[in-house]
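Each chain, letter by letter, is given below.
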Amino acid sequence: MNRVILAALLSHWWRNPLQLFTLLAGLALGTALWSGVQAINAEARASYDAAAGALGEGNLAQITALPGGVIAQQTYVALRRAGWNVSPVIEGKLGAVRLIGIEPLTAPRGTGPGPLPDGADLGAFLSGNGQVFARAETLARLPDTGAEPVVTPEIAPNTAITDIGLAQRLLNRPDQIDRLLVLPDQPLTRRPLAEVAPDLVETAPQGGSDVARLTDSFHLNLTAFGLLSFAVGLFIVHGAIGLAFEQRRTMVRTLRALGAPLRRLIGLMALELAALALVAGLLGVALGYLVAAALLPDVAATLRGLYGAEVSGQLALRPVWWLSGLAMALAGTAVAGGGALWALVRMPLLASAQPRAWAMARHQRGQALLALALLCVAAALALWGQGLRAGFAMLGALLIGGALALPPLLAGLLRRAEARAQAPLAQWFWADTRQQLPGLALALMALLLAMAANVGVSTMVSSFRLTFTGFLDQRLASELYVSATDPAQARAIVAVAEGQAQAVLPIVLVERTVAGLPAEVFGARDHATYRENWRFLQAIPDVWDALARAEGVLINEQLSRRAGLGLDDTVEIAPGLALPVLGIYGDYGNPVGQVIVTEALFQRAFPQVTPLRFGLRLDPAQVGAMQAALRDRAGVPDTAMIDQAAIKALSLAVFERTFTVTAALNVLTLAVAGFALLMSLLTLAAMRLPQLAPVWALGVSRRRLAALDLARAVVLAALTGVLALPLGLALAWALLAVVNVEAFGWRLPMYLFPGDYLRLGGLALLAAALAALWPAWQLSRMPPARLLGVFRHER
Amino acid sequence: MNARLLILLLWLPVQALAQGFAGLGSEDDSFARPSRDTVLQFPADHGAHPAFRIEWWYLTANLTGPDGTPYGLQWTLFRSALAPGDGPGWASPQLWMGHAAVTTPQAHFVAERLARGGIGQAGVTATPFAAWIDDWQMAGPDFDTLRLAASGPDFAYDVALVATGPLVLHGQQGYSVKSAAGQASHYYSQPFYQVSGSLTLPEGPVAVTGTAWLDREWSSQPLAQDQRGWDWFSLSFDSGDKLMGFVLRGERNFTAATWITADGQTTAYPDGAFAAEPLARQTVSGREVPVEWRVRLPGRGIDVTVKALNPQAWMATSVPYWEGPVTISGSSGGVGYLEMTGYD
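Thresholds applied
- Residues numbered from 1 in each chain as written.
- Chains lettered and ligands numbered in written order.
- Predicted model: local features only at pLDDT ≥ 70, side-chain atom pairs only at ≥ 80, totals over all residues.
- Helix = DSSP H or I, 4+ residues; strand = E, 2+ residues; numbered from the N terminus.
- Buried ≥ 20, exposed ≤ 12 C-beta atoms within 10 Å, placed from the backbone.
- Contact = placed C-beta atoms within 7 Å.
- Pairing = 2+ DSSP bridges.
- Axes fitted to C-alpha atoms, helices over the stretch in contact; angles between N-to-C directions.
- Expected span 1.5 Å × (residues − 1).
- Arc of directions from axis to C-beta.
- Core = buried A, V, L, I, M, F, W, Y, C linked by C-beta atoms within 7 Å.
- Domains from an automatic or database assignment.
- Parallel < 35°, antiparallel > 145°, perpendicular 65-115°, else oblique.
- Left-handed = near helix turned anticlockwise from the far one by under 90°.
- Nonpolar A, V, L, I, M, F, W, Y, C, P; charged D, E, K, R; others polar.
- pLDDT = per-residue confidence, 0-100.

(A) Molecular detail of the overall build of chain B. For chain B, the helix and strand inventory stands at two helices and 23 strands. For chain B, with 344 residues in total, the buried portion stands at 55%. A separation threshold of at least 6 residues defines the contact pool for chain B, and within that pool the share at least 24 residues apart is 58%.

(B) Broad picture of the overall build of chain A. Of regular secondary structure, chain A possesses 25 helices and 20 strands. Counting all 795 residues of chain A, 45% fall into the buried class.

(C) Molecular detail of the sheet that holds strand 10 (residues 200-203) of chain A. Residue and element names in this part refer to chain A. Read from one edge of the open sheet, eight strands run 6-5-7-4-3-9-1-10, paired in mixed fashion. Of all the strands in the sheet, just strand 6 (148-151) and strand 10 have a single pairing partner and so form its edges. The mean angle between the axes of side-by-side strands here comes to 25°, regardless of whether they run parallel or antiparallel. Sheet topology note: the strand 1 (residues 61-65)/strand 9 (residues 179-182) ladder contains four bridges and is antiparallel. Residue pairing across strands places Gln 62 opposite Leu 181, the latter belonging to strand 9. Together, strand 3 (86-94), strand 9 and strand 10 form the strand contacts of helix 3 (residues 73-81), whose direction differs from that of strand 3 by roughly 160°.

(D) Region of the structure containing the interface of chain A and chain B. If you look at the interface, chain A gives 26 residues, while chain B gives 28 residues. Among the secondary structure elements, those contributing two or more residues to the side of chain A that touches chain B are helix 3, helix 4 (122-126) and helix 6 (164-170) of chain A. The element that contributes the greatest number of residues to the side of chain A that touches chain B is helix 3 of chain A, accounting for four residues.

(E) A look at helix 1 (residues 2-15) of chain A. Taking 1.5 Å as the rise per residue, helix 1 of chain A with 14 residues should run 20 Å; its terminal C-alpha atoms sit 20 Å apart, in good agreement. Little of helix 1 of chain A is tucked away: one of the 14 residues are buried.

(F) Looking closely at the pairing of strand 17 (residues 266-269) of chain B. Residue and element names in this part refer to chain B. Of the pairings in the sheet, the one linking strand 16 (residues 254-260) to strand 17 comprises four bridges and is antiparallel in character. Considered in strand 17, the bridge of Trp 259 is made with Thr 267. The hairpin formed by strand 16 and strand 17 contains five residues between the paired strands, and Gly 264 there has a positive phi angle of roughly 95°.

(G) Structural view of the environment of A:Ser560. Here A:Ser560 lies in helix 18 (residues 557-563). Residue contacts for A:Ser560: discarding those within four places in its chain leaves A:Ile555, A:Leu565, A:Gly566 and A:Ile584.

(H) Just the pairing of strand 19 (residues 613-617) of chain A, in detail. All names here are of chain A. Bridge analysis of strand 11 (residues 480-483) against strand 19 gives four bridges, and the strand direction is antiparallel. In the strand pairing of strand 19, Leu 480 is matched with Leu 616. Pairing geometry for strand 12 (residues 503-514) and strand 19, over five bridges, is antiparallel. Each residue of the ladder has a partner; that of Leu 505, found in strand 19, is Gly 615.

(I) Highlighting helix 3 of chain A. Residues and elements named next belong to chain A. Taken together, the buried positions of helix 3 are occupied by Gln 73, Thr 75, Tyr 76, Leu 79 and Arg 80. End-on, the buried residues of helix 3 take up no more than an arc of 160°, which puts them together on one face. Looking at the buried side of helix 3, the elements it contacts are strand 2 (71-72), strand 3, strand 8 (176-177), strand 9, helix 7 (193-196) and strand 10. Note on helix 3: the residue one or two positions beyond its end, Gly 83, has a positive phi of about 105°.

(J) Molecular detail of the nonpolar core. Judged by nonpolar contacts, the single largest core of 126 residues is most densely connected at A:Met445, A:Ala446, A:Leu447, A:Leu448, A:Ala452, A:Leu677 and A:Leu731. Among the elements that take part in this core, helix 14 (residues 424-475) of chain A stands out by supplying 22 residues, more than any other. Here this core spans two domains, since at least three of its residues come from each of domain 1 (1-57 + 241-356) and domain 3 (361-467 + 661-795) of chain A. With near-sequence residues (within four places) excluded, A:Ala452 lies in contact with A:Leu399, A:Gly402, A:Ala724, A:Leu727, A:Gly728 and A:Leu731. Counting residues in hydrophobic clusters, the runner-up holds 98 residues, among them B:Leu59, B:Ala131, B:Leu243 and B:Ile302.

(K) Expanded view of the packing of helix 13 (residues 387-420) of chain A against helix 14 of chain A. Residue and element names in this part refer to chain A. Two numbers describe how helix 13 lies on helix 14: the axes approach to 9 Å, and their chain directions differ by 160°. Classified by the angle between their axes, helix 13 and helix 14 sit roughly antiparallel to one another. Handedness of the helix 13/helix 14 crossing: right-handed. Along the contact surface, helix 13 presents Leu 399, Gly 402, Ala 403, Leu 406, Pro 407, Leu 410, Ala 411, Leu 414, Arg 415, Ala 417 and Glu 418, while helix 14 presents Gln 427, Trp 430, Ala 431, Thr 433, Arg 434, Leu 437, Ala 441, Leu 444, Met 445, Leu 448, Leu 449 and Ala 452. Counted by class, the contact of helix 13 with helix 14 contains 17 nonpolar, three polar and three charged residues.

(L) Main features of the packing of helix 14 of chain A against helix 24 (residues 754-780) of chain A. Residues and elements named next belong to chain A. Two elements in contact, helix 14 and helix 24, have axes separated by 11 Å at closest approach and are oriented at 155°. The angle between helix 14 and helix 24 falls in the class roughly antiparallel. In this structure, helix 14 crosses over helix 24, and the sense of that crossing is right-handed. Facing helix 14, whose interface residues are Leu 447, Met 451, Asn 454, Val 455, Ser 458 and Ser 462, helix 24 presents Asp 756, Tyr 757, Leu 760 and Ala 764.

(M) Summary view of the environment of B:Asp344. Residue position: B:Asp344 is located in the segment after strand 23 (334-341). Through-space distance from the C-alpha of B:Asp344 to that of B:Gly229 is 9.6 Å; in sequence the pair is 115 residues apart.

(N) Up close: the confidence of the model for chain A. Residue and element names in this part refer to chain A. A residue-level look at chain A finds 85% of positions with pLDDT of 70 or above and a mean pLDDT of 80. Of all secondary-structure elements in chain A, the lowest mean pLDDT belongs to helix 8 (residues 210-247), at 67, while helix 3 reaches the highest, 95. In the model, residues 353-361 has pLDDT below 50 throughout and makes 15 contacts with residues more than four positions away in sequence or in other chains.

(O) How the structure looks around unusual backbone geometry. Along the chain, B:Phe42 connects to B:Pro43 via a cis peptide bond; the corresponding omega equals 10°. By the secondary structure assignment, B:Pro43 is in the loop between helix 2 (16-19) and strand 1 (54-64). Cis rather than trans, the peptide bond between B:Thr127 and B:Pro128 has omega equal to -15°. When you line up the elements, B:Pro128 lands in the loop between strand 5 (122-125) and strand 6 (130-133). Backbone geometry at A:Ala550 places phi at a positive 60°, although glycine is not the residue there. Relative to the assigned elements, A:Ala550 resides in the loop between helix 17 (543-548) and strand 15 (553-556). According to the C-beta neighbour criterion, A:Ala550 is partly exposed, with 15 such atoms within 10 Å.

(P) Representation of the environment of B:Leu161 in the model. Residues and elements named next belong to chain B. As for its position among the elements, Leu 161 is in strand 9 (residues 156-163). Taking the number of C-beta atoms within 10 Å as the measure of exposure, Leu 161 has 25 and is therefore buried. Along the backbone, Leu 161 and Leu 146 are 15 residues apart, and their C-alpha atoms lie at a distance of 5.0 Å. In this structure Leu 161 touches Leu 146, Leu 148, Tyr 193, Val 195 and Ala 212, once residues within four positions along its chain are discounted.

(Q) Just the confidence of the model for chain B, in detail. All names here are of chain B. Mean pLDDT over chain B: 88, with 91% of residues reaching 70 or higher. Within the model, pLDDT remains below 50 along residues 1-26, and this stretch shows 74 contacts once partners closer than five positions in the same chain are excluded. As scored by the predictor, the complex reaches a pTM of 0.61 and an ipTM of 0.90.

Have a look at this one:
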């Protein structure tokens, strides 16, 4: 019996291949975007974990020299001999590759994909020419070291690991160590650090890698977009399944009348759906792999540019994301199909089995109330919510609430238009449009979400770009930036530049923990360059004079928001040196906090640190000559000099890339929504004949009817677009004022871009018109016999 | 104390760190080999022999607290070479491993240290004598007067050692045969240390006194392929006499022993003279380990029962084994140390 029932069920898809295609395509597209995003996130996380594992970041305390210094190897031995269970690490660049030297006998074990993979041969690692562990692509970039290369996929991208002895030799830094990892197990008796090595400091474990925390918001962003796409895909699936099940009501009744038990029927239908979901899920995962592989290089470039996080540009097939993609496809189908199955369960055997798709939805009031409740939740979260997750919850409530509110709002608008209409045909047009609303609602909701997301994200991106460009003009005031490799070269640079440049501004910084957060402390020379160009978000009067008198510090917005520091609050920048905040400045694009003090104060606090980078103020026409002079007389290679224009272009390029990914996802989402609209219109077209035939019989030509259908799609898209604008602007506000502040620590002013919105509206209308074109064309060419047939087969 | 590490190395765990101490499954001709003709020279031979593949300074002590509570103490420094000789800085092929333990009737505390040679983190010098790894040390003006210290996450000790008898050479003038096939090592002991000092335990410091036994051994040769494990006894009888004896468990067991009189006179016993058989076993760290033995040396009228002070004296180090203090009853009374390896 199972075979007969299944054959009957499947025959429906044979007769309606378009529905089958819609169902599979919708689910596959949704799954593709979701699993694509998940694949990117999984790849990035794996890279962070590998990096953190190799470096002992996050879960281990570390000992470092005071800023600017290194640890002598003898100090390491002295600490070991004083009872400190520590392991040395040296780190540097070999070519473009980050080379990490570890000491395998003392290195911590069991911390993730550790320094030495299983199966490593300690003897080979330590003796002869040694070994270098890295990914294959990293090994290919590595200059010849003489050591045996060992391909190790677990190691972080662009990182090579070798023995500390070999690393010291390759980096030409004999007897030097950069930091000591403090292992969790320490002996009972141990001499205090201050006694053994007074110039070293111990910092507590960071609790999770810095990079992972910094990039968390970026990945959450991607996930949110993946979910949005999946939701749009689900709208399509829900529509397709709903339609198919409506059309199969008669078949179900017949099968039951023939003796097929309801339970078995439902079971087989569920099985059928699960099989379809699995097929679509597999397709979606495969598509997702392609999406991720296409986007990953951009994402990797963004993460490197924005956070300095190394992410592999190569995608691995990780179970975590393809399994989650399949699970999402199955769960989505269950959600989309559950209601339809339940309706069949409750269908009385003898009730009319007519399709009910055209009955006006009775639950519109309930939907409106739910929408209102969600919008209230969104408002409440906007007012009182805390943290990034609350921000995203707010976005979710806003978008779903907005989408749910669409059908009741559209119905209201159409009712009003219908009341105003005078001519009978106009009245019929509005009434018929309203009649079709339930069938099109899901597609229109998808369109609304896609448009709102587009408006919101493009507003954020464009606002960001405007603000950031202005900010770069302020901040990158020097015409030429030069880096020295050592203090001797720095002195040579100053000697060459002082004669020719209008000003030589040293850029000197140390990385420190300020107010419990990772931050950079800068020393700034008192110079007109800063006074003229810098703009403050908040500042005391005559802030530059106060700063020059060393009465306080300037901090960036990120630090101010994260540490809750306002004007006049004190900040400790070095042990025993705490100063009040004089001003807070915008610092877009910088992931960490920043503190600026005067040059003199900086030298007092960090005497070991000498400036190795300089900003040179000079006539822009002189930049080339200055570069030549520095190259010839101070031995500065071209790679160590960068002019203002280049640095601006570089910074802007980083930010362009940041949003390439978002923009690509945006376009995909809009495409999915357009597809949903096309599919809905196509499936509805055939079913609307009973509504159209009488109008045709009353004398309205087929061509006219087709034109009206086209107009209807455009009108509905236009109304949706009008409603999408406020929703999109609300989304933009949420992104700029809530999510950005939580994620990056800065708040951007919101600018409006009416031209962009108009263009987007035009695109949406075009998409709707294109989607309606084919069904309308079919209608205009429909043989009159089919229209007449409606009366003959009067149901 | 004998080829114990060589044996341990046959059951190496896969971890990378143990691998430095591996590679002993095969002979390597570049290392020096023990010779029957070598005459040991002191104090020079107290120091390291980097031409040989493996070497150790192995001290165990039976101690007593003020209230009569018995304690055991272990301090061991192993040297293992990836290649013979030495090199500057990190290039040195010498690797070092330290094990320290304190055993009480109720508890057993263990710590392990690993270090590279060449940078000063670990090493041994003969005059003045110093053996160290990290903050652990056994050092003094000469081999007869030493200070011994070590610490782990939950224990520490700091004791003074004073030798009250001569050095003891095992086998043939310190040339000790380890199998019927002729594998051998250089092996001598100082079993006459008097100990005083203090242990630091979770309950607080404890003043202790007692006796200690130091073993020195170096070799380059692996054991026979069939030898699977090792039971080693160092026993100090109430009479002042001492007995070192071991059983190498293989297809055919190989035994050897040295009888040491109270004034340091030695008698070496060949294979088969010494016998040890398990009387009782206990589950220790997931495996069955004999914790009570019948030990016999008929040539000296010795037939005693040797019982672990704490059966759970498991050394959960990167190369795991059982090592702990024992008490002796039967034909003579006394205390001693027992080491057992190869119980998987």
